Amino acid sequence: MIRLITPSDTPTLIALAEASGLFEPNQTEELAQMLDQHFNSELESQDLWFTDDDNGVVGVAYVAPERMTSGTWNLYLIAIHPDRQRLGRGGVLLRHVEQVLADRGERVLLVETSGLESFEYVRSFYRKNGYDEEARIREFYKAGDDKIIFRKAFGKSAA
């Protein structure tokens, strides 16, 4: 079942991010801060956090609107617990996010990832789910590690 996250999901979401192996320790600390801010901020946020809950949290996705744009969103995080990967859960979670955004009339979803060879499976995942490589910023993350940006358009923007 895909649903919006709740405050009680936070420890499990942090553990899931750590288990995924995609994040450095400082990045999981930042994730914890982001979740805390999401639940405790007095400011209205348009950010959306989803979880794939199968008798416990097994996946997470986080999207937010791009500032100073109309209908452009960023997928900042999508992860499935390693024990549940390669079963199609990531694609189902991604399609759910896309459908929610499309139903709201949003236009574009962007996602960025590393250009390292070890991230080829991530890039392949986005290609398989209809994303096009839109841009590459060489040596963005560090020497030898490009940022690759993928794009998918919804509705009229899909043309």
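Nothing here was measured: the structure is a model prediction, and the numbers come from that model.

Cut-off values and rules
- Residues numbered from 1 in each chain as written.
- Predicted model: local features only at pLDDT ≥ 70, side-chain atom pairs only at ≥ 80, totals over all residues.
- Heavy atoms only, no water.
- Axes fitted to C-alpha atoms, helices over the stretch in contact; angles between N-to-C directions.
- Helix = DSSP H or I, 4+ residues; strand = E, 2+ residues; numbered from the N terminus.
- Parallel < 35°, antiparallel > 145°, perpendicular 65-115°, else oblique.
- Left-handed = near helix turned anticlockwise from the far one by under 90°.
- Contact = heavy atoms within 4.5 Å.
- Nonpolar A, V, L, I, M, F, W, Y, C, P; charged D, E, K, R; others polar.
- Expected span 1.5 Å × (residues − 1).
- Buried < 20%, exposed > 50% of the residue type's maximum accessible area, 1.4 Å probe, protein only.
- UniProt positions renumbered as here; feature names shortened; annotations may be inferred.
- Salt bridge = Lys/Arg side-chain N within 4 Å of Asp/Glu carboxyl O.

Each packed pair of helices is defined by two parameters, the angle between the axes and the distance between the axes. Viewed as axis vectors pointing N to C, helix 1 (residues 10–20) and helix 2 (residues 25–40) meet at an angle of 155 degrees, and their least axial separation amounts to 10 Å. Taken together, the axis directions place helix 1 and helix 2 in an arrangement best described as roughly antiparallel. Here helix 1 and helix 2 pass one another in a crossing that is right-handed. The residues of helix 2 that touch helix 1, namely those facing Thr10, Leu13, Ile14, Ala17 and Glu18, are Thr28, Leu31, Ala32, Leu35 and Phe39. Residues of the contact of helix 1 with helix 2, tallied by class, amount to seven nonpolar, two polar and one charged.

If you check helix 3 (residues 89–103), its first and last C-alpha atoms are 21 Å apart, about what 15 residues at 1.5 Å a residue would give, namely 21 Å. Looking only at helix 3, the buried set comprises Arg89, Gly90, Gly91, Leu93, Leu94, Val97, Glu98 and Leu101. One or two steps after helix 3, the chain reaches glycine 105, where phi turns positive at roughly 85 degrees.

Before going further, it helps to examine the UniProt feature "domain: N-acetyltransferase" (unreviewed entry) in the chain. In this structure's numbering, the residues bearing the UniProt feature "domain: N-acetyltransferase" (unreviewed entry) are residues 1–155. End-to-end, the C-alpha atoms of residues 1–155 are 25 Å apart, and along that stretch the chain is 33% helix and 35% strand.

Let's shift gears to the pattern of salt bridges. Within the structure shown, the criterion is met by 12 salt bridges. Note that aspartate 54 and arginine 84 form a salt bridge whose closest N and O atoms lie 2.7 Å from each other. Highlighted residues: aspartate 54 in the loop between strand 2 (48–53) and strand 3 (57–65) and arginine 84 in the loop between strand 4 (72–80) and helix 3, separated in sequence by 30 residues. For arginine 89, the salt bridge identified is with aspartate 54, shortest N-O distance 3.4 Å.

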